[in-house]
Amino acid sequence: MTEREHHDYDVIIIGAGGAGMRAAVEAKQRGLKVAIITKSLLGKAHTVMAEGGAAAAMGNVYKEDNWKVHFRDTMRGGKMLNNWRMAQLHAQESPDRIYELEDWGALFDRTKEGKIQQRDFGGHLYARLAHVGDRTGLELIRTMQQRIVSLDVDVYMECKVVRLLTNDDGSVAGAVAYWRPTGEFVTFSAKAVVIATGGVGKSWKFTSNSWESTGDGHAMALWAGAELQEMECIQFHPTGMVWPLSVRGILVTEGVRGDGGVLRNSEGKRFMFDYVAPMFRAETAESEEEADRWYDDHAAGRRPPELLPRDEVARSINTEVKAGRGTPHGGVYLDIASRRSAEFIRRRLPSMYHQFMELAGVDITREAMEIGPTCHYIMGGVRVDAETAASCVPGLYAAGEVSAGMHGSNRLGGNSLSDLLVFGRRAGMAAADYAESKAPISLNEAQVSGYIADALAPLGRENGENPYTIQHDLQELMQANVGIIRKEDELVEALEQLEVLKERTKNVSASGGVSYNPGWNLATDLPSMLTVSISAAQGALERRESRGGQTREDFPKADPELGKVNFVQRQTQGAGYLNPISISPEPLAEMPDELKALFEEAK
Amino acid sequence: MTEITMRVWRGDQNGGAFENYVMPKVEGEVVLDVIHRIQATTAPDLAVRWNCKAGKCGSCSAEINGKPRLLCMTRVDSLPDGETVTVTPMRAFPVIRDLATDVSFNFEMARKVPAFNPIPRPADGYRMQQIDVERGQEFRKCIECFMCQDVCHVIRDHEENKLKYAGPRFFIRYAELEMHPLDTNDRRELVREKMGLGMCNITKCCTEVCPEHIKITDNAIIPLKERVVDADFDPVAWLGRKILRRTKRTSEEAAVQPD
């Protein structure tokens, strides 16, 4: 047997999206030995799919904007379930994180004065999203990628981490991974580990997420003793493509609505005026005329209801379709063609134009799009300290979508890209601090060989089950029972069925060799997909109310008492997907009076 | 036709062969959907690289009927009806397995690009006009699918040229930096001497395959060639730069990555 490849680092970062790369920059600038490990190629992470922009109260378009307004919008969007301190740090620091991207070569769209242009988005009181047309995520990822290269950070590409390693004292020790091209295993010892693995959408049938979003970081952190919270809060983006079926779920940017697009049902009605919740009535237009004035001048009218937070819009679309006012393919219409010139649409929304033309044969400058909700983002994730992004496992940090708290129960569009930068940087700083104080690590060989054996098991198993079949059944189950609208009996059934899927996964088998074998790779993704699915279903069952990304048909209102708690999930350290997950309510940290006052003023 | 015959290359660096898969046709599908159905039913170990399935990440580049295409953006009904669809890996890069190729050449070339190095940020931030950023923005649309590299005849059948030729993807990167309103590094000599700009004889194959419709040849390579020539021979351009105080660094300085 050849010797296993091994590397020794101060800080390793799992995931090469915006948060992971931003963390790596910070740790590397401290002169530490840093590596990024990604299961895809560098520059392909899901961040690249972000379209509309990065929210930051720079005040370039509306000088009235400032961090306090952004903070208030974020908390209200999250239905006050946010970690207030994270929302505050995010609102205060995002402008600097955007300017920093310019220092590294990013080219944002400009205002007439030559400043960074900002666009309107749902839930943001002012035009606040720094953007590059509708491909802002690509700009962010390329800028960070080029920064990573210029700093000479080690990058392990197409290298999938299967488990985190821990020391006897419970602190993190590193990770075990395999190279996808060769199937060879590799171990990393690390004084600190930053998890930046993104989301979980691939456990649902209709999702805007890529194959990578299998919840690896959520699951690995839980198995290693970290806590998860708000796993029930999943954002269904209101506008995903619905036709053709093969592209169902692909994202249609909120920028379409920010730039003047409106939602209509099959009767041609702008139905969103019928769905304005009391919380948002004071600042939402009452007529189409008023809403249309707002686009040109925010002082001339109130916001169009199409730009309510995403949870509100997604639920409304769902209701319209259920009431029989949907399109032939089960969505509603998103119309910008009748409202803006073809030239404007092609300039502001080039990739949407391209996407619909190529994939659906629809010219969005002439026809309305058919859209419907798609599983897009998980607000829940690893429970972290606001200042440092530290989990409860010493040396283990989490940033970006895999962490929880920042967005409460519902994320505002544009707050993700800025979240990645603000908390990626904070995680990188804190991980570097921790690593500097820590003695070298030696790995527990029994732990390593056990995890490798688990990962290889599907290859040796004969006549087991096809991993694609299990994935398919999981996606159907989560879509049907833990979808946009949930209820008690369906959630109980989901948890029972997930137990069955766990048993089936024990018997999964993969044919072929270890080299670039997608069947085997999927078999090694299934444990994390199951763990996050169970966590989500458990949380959805326990949170008996409707709030943001958790909508219960049997508990349609928000419960003020449940608005004061997080549902926190735990496993014993070293557990895996087969072990039980506990869940319990824990009180939310209370906001200081000076911040509370911001919400009083607004009333 | 209710069925589609897919002829897919299977193998690794030691060789391989075509395998035929007959699949039912489904309305609106792209070629990647059919590959996925083959994986899920008959060949779970069929290797293909993909991520977003929306034409945004540039992972699923391969060759369909001999032409570089994104598998996720090629609709089956755009191909000749009733004819077998042949899918092969990109030819310019070594095969890992089946349709997945080793594109590390491109990541090595990326490391050789001297980094962006801006003028100091003024106290009230950088000011740039939209018209000035748009030139660079066109090149920053690149999704790094590397199909322009694959189709470029300088390296497609000439492995030996890879040592001295950056390829269209990186020519647009150099052009972007050259045209960046804030950058101070001068990479023109490097592009001419070490990156093989002169080997490109502007046949525009790269422009034709670009899924982002970047005018690689007209907007990047030709202007870059002109600027490189200016740097060498044109005293007026030299004087112009002096007068305009365009303080680009020399290629030797530029070759050093900043902190």
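Being a predicted model, the structure only gives us computed values, none of them experimental.

A.B. asks: Could you clarify how one ought to interpret the overall build of chain A in this entry?
C.D. replies: Helix and strand content of chain A: 17 helices and 18 strands. Relative to the 2.2 N^0.38 estimate, which gives 25 Å for 603 residues, the radius of gyration of chain A is 23 Å and therefore close to what a compact globule would have. C-alpha atoms of chain A, sized along the principal axes, occupy 75 × 50 × 50 Å. By residue count, 61% of the 603 residues in chain A fall in the buried class. Considering only intrachain contacts with a sequence separation of at least 6, the fraction spanning at least 24 residues in chain A is 74%.

A.B. asks: Looking at this structure, how should I read the interface of chain A and chain B?
C.D. replies: Interface size is commonly expressed as the accessible surface area that is lost when the partners come together. Taken together, the contact between chain A and chain B spans 47 residues of the former and 48 residues of the latter. Within the residue set of the side of chain A that touches chain B, elements represented by two or more residues are α3 (84-103), α4 (136-150), α11 (350-360), α14 (467-481) and α16 (518-542) of chain A. No other element matches α4 of chain A, which puts 6 residues into the side of chain A that touches chain B.

A.B. asks: Where do I start with the nonpolar core in this structure?
C.D. replies: When a protein is soluble and globular, its nonpolar side chains tend to lie buried together. Residues and elements named next belong to chain A. In terms of nonpolar packing, the biggest core is built from 249 residues, with Val11, Ile12, Val193, Val194, Tyr397 and Ala431 touching the most fellow members. In terms of residue count, the dominant contributor to this core is α16 (12 residues). Contacts of Val194, omitting those with residues within four sequence positions, involve Val11, Ile13, Gly20, Ala23, Tyr397, Ala399, Ala427, Gly428 and Ala431.

A.B. asks: How should I be thinking about the domain arrangement of chain B in this particular structure?
C.D. replies: Residue and element names in this part refer to chain B. Domain parsing of chain B yields domain 1 (3-101) and domain 2 (104-254). Averaged C-alpha coordinates put domain 1 and domain 2 at centres separated by 32 Å. Taken together, the contacts link 12 residues of domain 1 with 13 residues of domain 2.

A.B. asks: Please clarify how the pairing of strand β1 (residues 3-12) of chain B should be interpreted in this entry.
C.D. replies: Remember that side chains alternate between the two faces of the sheet whenever the strand is regular. Residue and element names in this part refer to chain B. Note that β1 and strand β2 (residues 15-24) share 10 bridges and pair antiparallel. Following the sheet pairing, Arg10 is matched in β2 by Ala17. Taking the residues that link successive antiparallel strands as the turn, the β1-β2 hairpin has 2 residues. By the bridge criterion, 3 bridges tie β1 to strand β5 (residues 85-88) in an arrangement that is parallel. Along β5, the bridge assignment pairs Met6 with Val85.

A.B. asks: What is the right way to look at the packing of α14 of chain A against helix α15 (residues 488-506) of chain A in this model?
C.D. replies: Helix-helix packing is characterised by the crossing angle of the two axes and by the distance between the axes. Residues and elements named next belong to chain A. The interhelical angle for the contact between α14 and α15, taken along N-to-C directions, is 170°, at an axis separation of 10 Å. Judged on the interaxial angle alone, α15 and α14 are roughly antiparallel. From α14, Ile470, Asp473, Leu474, Leu477 and Asn481 reach across to α15, where they touch Glu490, Leu491, Glu493, Ala494, Gln497, Leu501, Arg504 and Thr505. In terms of residue class, the contact of α14 with α15 is made up of 6 nonpolar, 3 polar and 4 charged.

A.B. asks: What should I look at first to understand the confidence of the model for chain B in this one?
C.D. replies: Detailed reading of predicted coordinates is not advised where the pLDDT is low. Confidence in the prediction of chain B, expressed as mean pLDDT, is 91, and 88% of residues score 70 or more. Here the predicted complex scores 0.95 on pTM and 0.93 on ipTM.

A.B. asks: Would you explain unusual backbone geometry in this entry?
C.D. replies: A negative phi angle is the norm for most residues apart from glycine, just as the trans form is the norm for most peptide bonds. Pro244 of chain A follows Trp243 of chain A through a cis peptide bond whose omega is 0°. Residue position: Pro244 of chain A is located in the loop between β11 (234-241) and α6 (255-258). A positive phi is found at Asp98 of chain B, a non-glycine position, where the angle reads about 50°. Topologically, Asp98 of chain B is positioned in the loop between β6 (95-97) and β7 (100-101). Among the residues examined, Asp98 of chain B registers 28 C-beta atoms within 10 Å and is labelled buried. Of note in this structure, Ile202 of chain B is not a glycine but carries a positive phi near 40°. Among the secondary structure elements, Ile202 of chain B is positioned in the loop between α7 (188-193) and α8 (205-209). Overall, the presence of 13 C-beta atoms within 10 Å leaves Ile202 of chain B in the partly exposed class.

Thresholds applied
Residues numbered from 1 in each chain as written. Chains lettered and ligands numbered in written order. Predicted model: local features only at pLDDT ≥ 70, side-chain atom pairs only at ≥ 80, totals over all residues. Helix = DSSP H or I, 4+ residues; strand = E, 2+ residues; numbered from the N terminus. Rg over C-alpha atoms; globule rule 2.2 N^0.38 Å. Buried ≥ 20, exposed ≤ 12 C-beta atoms within 10 Å, placed from the backbone. Contact = placed C-beta atoms within 7 Å. Core = buried A, V, L, I, M, F, W, Y, C linked by C-beta atoms within 7 Å. Domains from an automatic or database assignment. Pairing = 2+ DSSP bridges. Axes fitted to C-alpha atoms, helices over the stretch in contact; angles between N-to-C directions. Parallel < 35°, antiparallel > 145°, perpendicular 65-115°, else oblique. Nonpolar A, V, L, I, M, F, W, Y, C, P; charged D, E, K, R; others polar. pLDDT = per-residue confidence, 0-100.

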